[in-house]
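An overview of the molecular structure
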Amino acid sequence: SAYLHKESSDYFKEETKKYYHKLQQVDNLADVDDKIFKFCADFIGSDIEEVLADLSAQMEDIMVPVSTGHAGIDFIIPGVHKAHGIQLLQELWGIKDEEVRAFGDSGNDLEMLAHAGYGVAMKNAHPKVKAVAKYETDSNDEDGVLNRIEETLNKM
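What you see is a predicted model; the values in this text were computed from it and never measured.

Cut-offs and rules
Residues numbered from 1 in each chain as written. Predicted model: local features only at pLDDT ≥ 70, side-chain atom pairs only at ≥ 80, totals over all residues. Heavy atoms only, no water. Helix = DSSP H or I, 4+ residues; strand = E, 2+ residues; numbered from the N terminus. Buried < 20%, exposed > 50% of the residue type's maximum accessible area, 1.4 Å probe, protein only. Contact = heavy atoms within 4.5 Å. Phe/Tyr/Trp six-rings, centres within 6.5 Å; stacked < 30°, edge-to-face > 60°. Lys NZ or Arg CZ within 6 Å of the ring centre and 35° of its normal. Pairing = 2+ DSSP bridges. Axes fitted to C-alpha atoms, helices over the stretch in contact; angles between N-to-C directions.

Looking at the secondary structure, you find Lys38 in strand S3 (residues 38-42). Residue classification places Lys38 among the partly exposed positions, given a relative accessible area of 32%. Spatially, the C-alpha atom of Lys38 lies 6.7 Å from that of Asp74, the residues being 36 residues apart in sequence. Beyond its immediate sequence surroundings of up to four residues, Lys38 is in contact with Tyr20, Asp74, Phe75 and Ile76.

A full pass over the atoms with the stated rule returns two aromatic pairs. Relative to Phe75, the ring of Phe39 has its centre 4.6 Å away and its plane inclined at 15°; by these criteria the two rings are stacked. Of this pair, Phe39 sits in strand S3 while Phe75 sits in strand S5 (residues 72-76), and the two are 36 residues apart along the sequence. Above the plane of the ring of Tyr118 lies Arg101, whose end atom (NZ or CZ) is 4.5 Å from the centre.

So, on to the sheet that holds strand S4 (residues 64-67). A sheet is described by the order of its strands in space; here three strands give the open sequence S3-S5-S4, paired in antiparallel fashion. In this open sheet, the two edge strands, each paired with only one partner strand, are S3 and S4. With strand direction ignored, the average angle separating the axes of adjacent strands in the sheet is 25°. Packed on one face of the sheet, helix H2 (residues 48-59) meets S4 and S5 and runs near 170° to S4.

This is how it looks when you write it as structure tokens:
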């Protein structure tokens, strides 16, 4: 599940619901009895790049802060990122790296796009993401993922 403090802002609650279908509101996050793989914090009104640099320097190897592409920063366990999850599925299903298609636009997509044989950055992606991806597509607002999937399927 995903957990959210009951006193979080309405904005944060609505944004969080978009990404986590199992979202529980709790009185105290310290009381959550579950395995925690990451946590996220919002830094609305902050220079995310500056905050990321400061957090990276302070957290060293304990957690890895990565941009979510919004005003949020995900804190993940070193090595437990999207590419790691994809690799586990590849092993399970016998899928080669070059057969993997991945799309992204933010710092939390870097490892995944670098790993995928067909890593695609969105037109509106952060420059670091575009540098890692092998391909680029239209922006999120222009249905970039759908357009590239349709293009790929039509070539089959």
